[in-house]
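Notes for the structure review
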Amino acid sequence: MTSKITYLGELRTSSIHLQSGSEIISDAPIDNNGKGEAFSPTDTVVNALGSCMFIVMGIKAQDLQVDLSNSTAEITKIMAADPRRISEIHVVFNFSIDTDIKNKTILERIAMTCPVYYSLHPDIKKVITFNWK
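What you see is a predicted model; the values in this text were computed from it and never measured. (Residues numbered from 1 in each chain as written. Predicted model: local features only at pLDDT ≥ 70, side-chain atom pairs only at ≥ 80, totals over all residues. Heavy atoms only, no water.)

On a regular strand, one side chain projects to one face of the sheet and the next to the other, so that they alternate. Pairing geometry for strand β2 (residues 12-17) and strand β3 (residues 23-27), over five bridges, is antiparallel. In the strand pairing of β3, T13 is matched with S26. Linkage of β2 to β3, two consecutive antiparallel strands, is achieved through a turn of five residues, within which G21 is found at a positive phi near 85 degrees. (Pairing = 2+ DSSP bridges. Helix = DSSP H or I, 4+ residues; strand = E, 2+ residues; numbered from the N terminus.)

Attention shifts here to helix α1 (residues 41-64). Residue pairs spaced three or four apart in an α-helix point in one direction, given the helix's 3.6 residues per turn. Between its first and last C-alpha, α1 extends 35 Å over 24 residues, near the 34 Å set by a 1.5 Å rise per residue. By the burial criterion, the buried members of α1 are V46, L49, G50, C52, M53, V56, M57 and A61. Elements in contact with the buried residues of α1: β4 (72-80), β5 (85-94), α2 (101-111), α3 (115-119) and β6 (125-131). Where α1 ends, the next residue or the one after it, Q65, has phi of about 60 degrees, a positive value. (Expected span 1.5 Å × (residues − 1). Buried < 20%, exposed > 50% of the residue type's maximum accessible area, 1.4 Å probe, protein only. Contact = heavy atoms within 4.5 Å.)

Time to look at α2. Among all positions in α2, only N103, K104, L107 and A111 are buried. Seen from one end, α2 has its buried residues packed into an arc of 100 degrees, which puts them on one side. Residues of α2 that are exposed and point over 90 degrees away from its buried face: I101, K102 and R109. The inward-facing, buried residues of α2 abut α1 and β6. Sitting at the amino-terminal end of α2 is D100, which places a side-chain oxygen 3.1 Å from the backbone nitrogen of K102. (Arc of directions from axis to C-beta. Polar contact = N/O pair within 3.5 Å; in protein donor to acceptor, adjacent residues only side chain to side chain.)

Scanning the entire structure with this criterion turns up six salt bridges. Here D43 ties to K77 by a salt bridge, and the two come within 2.7 Å at their closest N and O atoms. With a gap of 34 residues between them, D43 in helix α1 and K77 in strand β4 connect regions that are remote in the sequence. Residue classification places K77 among the partly exposed residues on the basis of a relative accessible area of 24%. (Salt bridge = Lys/Arg side-chain N within 4 Å of Asp/Glu carboxyl O.)

Turning our attention to the sheet that holds β3. Strand order in this open sheet of three strands is β1-β2-β3, and the pairing throughout is antiparallel. Lying at the two open borders of the sheet, with one neighbouring strand each, are β1 (3-9) and β3. If you compare each strand with its neighbour and ignore which way they point, the axes differ by 20 degrees on average. (Axes fitted to C-alpha atoms, helices over the stretch in contact; angles between N-to-C directions.)

Here the largest pocket defines a volume of roughly 250 Å³. The biggest single contributor to the lining of the largest pocket is α1, with seven residues. Within the lining of the largest pocket, the residues separate by chemical class into seven nonpolar, three polar and no charged. (1 Å grid on protein atoms, 1.4 Å probe; cavity = no way out; pocket = protein on both sides within 12 Å on 5 of 7 lines; lining within 4 Å. Points joined across faces, edges and corners; volume = space filled by probe spheres on them. Nonpolar A, V, L, I, M, F, W, Y, C, P; charged D, E, K, R; others polar.)

What follows is the structure, encoded as structure tokens:
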């Protein structure tokens with residue numbers, strides 16, 4: 001098993017990562033009868049894309065001796081109705097370092113190979129922007 005989820009009531013869950021014991025609290029969003037006091041399940045999906053892209057870039061960056069520390073990604077989720085679903089994900093990377101064009105190209109291409117990117121339905125539009133210092 002990877003995790004264990006407990007329904008806490010009031011449209012809130014607690015997810016425990018079994019290997020580490022870390023916890024994620026999820027709430028229904030305000031626009032879907034919830035309190036919006038924590039990441040919604042769809043928020044965690046879109047956030048996972050940015051995190052996954054950073055991690056695969058980070059693995060390659062180590063090989064290239066490029067430090068991505070303190071770089072950020074801004075994630076925007078766009079929902080659709082009938083059925084309610086994620087229709088678009090916008091990821092804007094802001095890198096706090098400067099590196100040569102070859103490394104930038106390698107890292108940008110690697111980002112697009114992350115497992116979450118490949119796991120998302122192809123109908124979900126993904127808009128990825130890389131802003132280098």
